[in-house]
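Fold and geometry: a report
Chain by chain, the residues run as shown.
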Amino acid sequence: MTRYAVYALPGALGPDDAAEAVRLRDAAQAWYAREEFCDLTVDARRYGFHATLKAPFRLAEDRTEAELRTAADVFAADRAALVVPALEPRPFGPLRALVPQREEPAIDALAAAAVREFERFRAPPGEAEPGRRRAGQMTPRERELFRRWGSPHVLDEFRFHLTLTDPVPEERAAEVDAALAVHFAQTAGVDVALRAIALFVEPEPGAPFEILSVHPFSDPVPLATPVPQETA
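The rules behind these values
- Residues numbered from 1 in each chain as written.
- Predicted model: local features only at pLDDT ≥ 70, side-chain atom pairs only at ≥ 80, totals over all residues.
- Heavy atoms only, no water.
- Pairing = 2+ DSSP bridges.
- Helix = DSSP H or I, 4+ residues; strand = E, 2+ residues; numbered from the N terminus.
- Axes fitted to C-alpha atoms, helices over the stretch in contact; angles between N-to-C directions.
- Salt bridge = Lys/Arg side-chain N within 4 Å of Asp/Glu carboxyl O.
- Buried < 20%, exposed > 50% of the residue type's maximum accessible area, 1.4 Å probe, protein only.
- Phe/Tyr/Trp six-rings, centres within 6.5 Å; stacked < 30°, edge-to-face > 60°.
- Core = buried A, V, L, I, M, F, W, Y, C linked by side-chain atoms within 4.5 Å.
- Polar contact = N/O pair within 3.5 Å; in protein donor to acceptor, adjacent residues only side chain to side chain.
- Contact = heavy atoms within 4.5 Å.
- Left-handed = near helix turned anticlockwise from the far one by under 90°.
- Nonpolar A, V, L, I, M, F, W, Y, C, P; charged D, E, K, R; others polar.

1. A short note on the sheet that holds strand S8 (residues 210-216)
Backbone hydrogen bonds hold the strands of a sheet together, and the pairing may be parallel or antiparallel. An order of S2-S1-S7-S8 is seen for the 4 strands of this open sheet, with the pairing classed as antiparallel. Two strands close off the open sheet at either side, each with one partner strand: strand S2 (51-58) and S8. In this sheet, adjacent strand axes meet at a mean angle of 20° when their direction is disregarded. Taken together, the 6 bridges between strand S7 (residues 196-202) and S8 define a ladder with antiparallel strand orientation. The residue of S8 that forms the bridge with Phe200 is Ile211.

Structure, rendered in structure tokens:
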């Protein structure tokens, strides 16, 4: 059964995107290609470089892919580009991810809007859905969000991150963290423009997610993100 997802994807516009976003995307792709860590990036590579806005879902019976793409066009056209501040590789639960080092309310607002806007395209989850199998590991709030929105990591539980690895065993954590620090040394701490959302598709269960379409924001100029001033 085909699934779709709404992702934030720095560098989605290719050569027309902001240079720092393209460099970050290319660095992530090079990371996924590293053979010495291929056993720790199986799912990360399958899902692709991204930050989730609307988690993977099956299309509702009364909706079509064309309607989903049109809705993504409308959604993006109503928004301006924004800045993801100071991305750095960090532990994210058992994973490793690129995580902003400053809060940016515009990112949270974008994700919340995507969760709500694309909900009408989501089919009710079946018994085999991954989230249902993990329900016992969720907090009460996460279970509530999963039942309502199909994902436990939305709204007040949302944390923007660009996944780099699958769960990292404790005995390999130091090795992975050191490798990530070196690999992303040229992009760490850099503010990155986000100028579009992307629809991804999983053609069949277990297949790699592919870019279906890219939907640029109406205003390509990133919003200014003030850098906090240190106090004496």
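Still more ground to cover, so stick around.
2. Concerning the pattern of salt bridges
Scanning the model with the defined rule gives 15 salt bridges in all. A salt bridge links Arg172 to Asp39; the nearest nitrogen and oxygen atoms lie 2.7 Å apart. Of this pair, Arg172 sits in the loop between strand S5 (162-163) and helix H7 (173-183) while Asp39 sits in the loop between helix H1 (19-32) and helix H2 (42-47), and the two are 133 residues apart along the sequence. Residue Arg172 is classed as buried on the basis of its relative accessible area, which comes to 17%. Under the relative-accessibility criterion, Asp39 is labelled partly exposed at 45%. Through salt bridges with shared partners, one network takes in Lys54, Glu119, Arg122 and Arg148.

3. So, the packing of aromatic side chains
The relation between two aromatic rings is expressed through the spacing of the ring centres and the mutual angle of the planes. Within the structure shown, the criterion is met by 7 aromatic pairs. The interplanar angle of 40° and the centroid separation of 6.5 Å between the aromatic rings of Tyr4 and Phe57 together place this pair among those described as tilted. Of the two residues, Tyr4 is situated in strand S1 (residues 3-8) and Phe57 in strand S2; the sequence distance between them amounts to 53 residues. With relative accessibility at 2%, the residue Phe57 sits in the buried group. Taking 6.4 Å as the distance between ring centres and 35° as the angle between the ring planes, the aromatic pair formed by Tyr7 and Phe209 counts as tilted. In this pair, Tyr7 sits in strand S1 while Phe209 sits in the loop between S7 and S8, placing the two residues 202 residues apart along the sequence. The exposure classification of Tyr7 matches that of Phe209, with both residues buried.

4. Quick notes on unusual backbone geometry
Phi is positive for Ala86, which is not a glycine, with a value near 50°. When you line up the elements, Ala86 lands in strand S3 (residues 82-92). With phi around 55°, Leu155 is a residue other than glycine that occupies positive phi space. You can see Leu155 is positioned in the loop between helix H6 (140-149) and S5.

5. So, the nonpolar core
Ranked by internal contacts, the top residues of the largest apolar core, which has 58 residues, are Phe118, Phe160 and Ile197. For this core, the element with the most residues is H1, which contributes 6 residues.

6. With respect to the environment of Pro125
Along the chain, the position of Pro125 falls in the loop between helix H4 (105-117) and helix H5 (130-133). Judged by relative accessible area, Pro125 falls into the partly exposed class, the value being 26%. Along the chain, Pro125 and Arg147 lie 22 residues apart, while their C-alpha atoms are 8.9 Å from each other.

7. Some remarks on the side chain of Ser213
Topologically, Ser213 is positioned in strand S8. Residue classification places Ser213 among the buried residues on the basis of a relative accessible area of 8%. Engagement of the side chain of Ser213 in a polar contact is seen with the side chain of His215, the distance being 2.7 Å. Filtering out sequence-adjacent residues up to four positions away, Ser213 remains in contact with Arg69, Ile197, Ala198 and Leu199.

8. Focus: the packing of H1 against H7
The contact between H1 and H7 brings their axes to 11 Å, and the two run at 145°. Where H1 crosses over H7, the handedness of that crossing is right-handed. Every residue of H7 that contacts H1 at Ala27, Ala30 and Trp31 is listed here: Val176, Ala179, Leu180 and His183. When the residues that make up the contact of H1 with H7 are grouped by side-chain class, the tally is 6 nonpolar, 1 polar and no charged.

Spatial relationships are all this shows, so hold off on functional conclusions.
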